[in-house]
Amino acid sequence: MTNDTTTATTATTLPLAPGTWALDPLHSAVNFTIRHLGIAKVRGRFTGVEAELSVGERAEDVRVSATVDLASIDTGNADRDAHVRASDLLDVDRRPTMTYRSTRVSGEGEDWTMEGELTIGDVTRPVTLAVEFGGLVDVPMDGSRHAGFEATGEIRRSDFGLDFAPGLLGDVVKIQLDMQFVAPKNG
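The rules behind these values
Residues numbered from 1 in each chain as written. Predicted model: local features only at pLDDT ≥ 70, side-chain atom pairs only at ≥ 80, totals over all residues. Heavy atoms only, no water. Helix = DSSP H or I, 4+ residues; strand = E, 2+ residues; numbered from the N terminus. Rg over C-alpha atoms; globule rule 2.2 N^0.38 Å. Buried < 20%, exposed > 50% of the residue type's maximum accessible area, 1.4 Å probe, protein only. Contact = heavy atoms within 4.5 Å. Areas by Shrake-Rupley, 256 points an atom, 1.4 Å probe, with all protein chains shown as cover. Lys, Arg positive; Asp, Glu negative; His and termini not counted. Salt bridge = Lys/Arg side-chain N within 4 Å of Asp/Glu carboxyl O. Polar contact = N/O pair within 3.5 Å; in protein donor to acceptor, adjacent residues only side chain to side chain. Patch = residues over 30% accessible without salt bridge, like charges linked within 9 Å, V, L, I, M, F, W, Y side chains within 5 Å. Charge placed at Lys NZ, Arg CZ, Asp CG, Glu CD. Core = buried A, V, L, I, M, F, W, Y, C linked by side-chain atoms within 4.5 Å. Phe/Tyr/Trp six-rings, centres within 6.5 Å; stacked < 30°, edge-to-face > 60°. Pairing = 2+ DSSP bridges.

Things to note about the overall build of the protein
Line of reasoning, step 1. What the protein contains, in helices and strands, is one helix and eleven strands.
Line of reasoning, step 2. Beginning at the N terminus, the succession of helices and strands in the protein can be written as β-β-β-β-β-β-α-β-β-β-β-β.
Line of reasoning, step 3. The C-alpha radius of gyration computed for the protein amounts to 18 Å, which stays within 12% of the reference 16 Å derived for 187 residues, consistent with globular compactness.
Line of reasoning, step 4. The principal-axis extent of the C-alpha atoms belonging to the protein is close to 50 × 30 × 30 Å.
Line of reasoning, step 5. Burial status across the protein gives 40% buried among its 187 residues.
Line of reasoning, step 6. For the protein, the share of sequence-separated contacts (at least 6 apart) that also reach a separation of at least 24 residues comes to 57%.
Line of reasoning, step 7. Summing over all exposed atoms, the protein offers an accessible surface of approximately 10300 Å²; the carbon and sulfur share of this is 51%.

Shown next as structure tokens:
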């Protein structure tokens, strides 16, 4: 097993092979935290996620796209999840997905920034994520190369028209993405 976390990178060259990297859904997670009653945090995740990492020769050529199935919310409480999906809250019938498209990636080494656009329903807003590059590893079972990333950021629900339950739920939603991508077969 090789671990190339010490590979030198610059803002214009990347340690990732060019091509389309596929999401490894078994080793990836879309998590969030929101305040409840202003005094405690409720944590949750979305289990239905599709994402793709398109790598060019330089950081300027990197593109990330992701689609999250909002009905796949899991806060550890089935009754709460059903209520959040309902028309008076998230309204997954009207807003079935959340999408993210990167517009700019910059950084070096382990620390990167990804600017992009997040769309929930018919509202699109800019969202910037701090990205930590976890490194590369060749998996011994099949020889595939995996790259790991952690991305963090936050959004305001009210920016997306999701201002239900003020006072009960905080406006700020903190996002933590743990993503693993698999190199293209030719990479």
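Overview of the side chain of Arg95
Line of reasoning, step 1. Looking at where Arg95 falls in the secondary structure, it is placed in the loop between helix H1 (78–85) and strand S7 (97–108).
Line of reasoning, step 2. Buried charge without a salt bridge: Arg95, with Asp91 as the nearest opposite-charge side chain at an N-O distance of 5.0 Å.
Line of reasoning, step 3. A distance of 3.3 Å separates a polar side-chain atom of Arg95 from the backbone oxygen of Leu89.
Line of reasoning, step 4. Those residues in contact with Arg95 that lie beyond four places of it in its chain are Leu70, Leu89, Leu90, Ile120, Gly121 and Leu162.

Things to note about a negative patch on the surface
Line of reasoning, step 1. Judged by side-chain charge, Glu108, Glu110, Asp111 and Glu132 come together as a negatively charged surface patch.
Line of reasoning, step 2. Relative to the helices and strands, Glu110 resides in the loop between S7 and strand S8 (111–120).

Examining the environment of Val92
Line of reasoning, step 1. Examined against the element boundaries, Val92 turns out to sit in the loop between H1 and S7.
Line of reasoning, step 2. Residue Val92 is classed as buried on the basis of its relative accessible area of 13%.
Line of reasoning, step 3. Note: C-alpha distance between Val92 and Asp69 (23 residues apart in sequence) is 8.7 Å.
Line of reasoning, step 4. For Val92, the residues in contact, after removing those within four places along its chain, are Leu70, Ala71 and Arg85.

A short note on the nonpolar core
Line of reasoning, step 1. Core analysis: the biggest nonpolar cluster contains 50 residues, and Leu16, Trp21 and Leu53 have the highest contact counts within it.
Line of reasoning, step 2. No other element matches the six residues that strand S9 (residues 123–138) contributes to this core.
Line of reasoning, step 3. Among residues more than four places away in sequence, those in contact with Leu53 are Leu16, Gly19, Thr20, Trp21, Val62, Arg63, Val64, Phe149 and Phe181.

Side note on the environment of Val84
Line of reasoning, step 1. Note that Val84 resides in helix H1.
Line of reasoning, step 2. Put simply, Val84 and Ala40 are 44 residues apart on the chain and 18 Å apart in space, counted from C-alpha to C-alpha.
Line of reasoning, step 3. Setting aside residues up to four positions removed in sequence, Val84 forms contacts with Ile73, Leu89, Leu90 and Asp91.

Description of the packing of aromatic side chains
Line of reasoning, step 1. Applying the stated criterion to the full structure yields three aromatic pairs.
Line of reasoning, step 2. For the ring pair Phe32 and Phe46, a centre distance of 5.4 Å and an interplane angle of 40° mean the geometry is tilted. Taken together, the positions of Phe32 in strand S2 (residues 29–36) and Phe46 in strand S3 (residues 40–46) put the pair 14 residues apart, joining distant regions of the chain. Comparing Phe32 with Phe46 shows no difference in burial state: the two are buried.
Line of reasoning, step 3. Geometrically, the ring pair formed by Phe149 and Phe181 is edge-to-face, given 6.2 Å between the ring centres and 70° between the ring planes. With Phe149 in strand S10 (residues 145–156) and Phe181 in strand S11 (residues 169–182), this residue pair connects regions lying 32 residues apart in the sequence.
Line of reasoning, step 4. Aromatic rings pair up to connect Phe133, Phe149 and Phe181 into one cluster.

Looking at the pairing of S3
Line of reasoning, step 1. With seven bridges connecting them, S2 and S3 associate as antiparallel partners. The partner of Val30 across the bridge, within S3, is Phe46.
Line of reasoning, step 2. Following S2, the chain reverses through three residues before pairing antiparallel with S3; Leu37 in that reversal takes a positive phi of roughly 60°.
Line of reasoning, step 3. Two elements, S3 and strand S6 (residues 73–74), share two bridges in a ladder whose sense is antiparallel. Along S6, the bridge assignment pairs Arg45 with Asp74.

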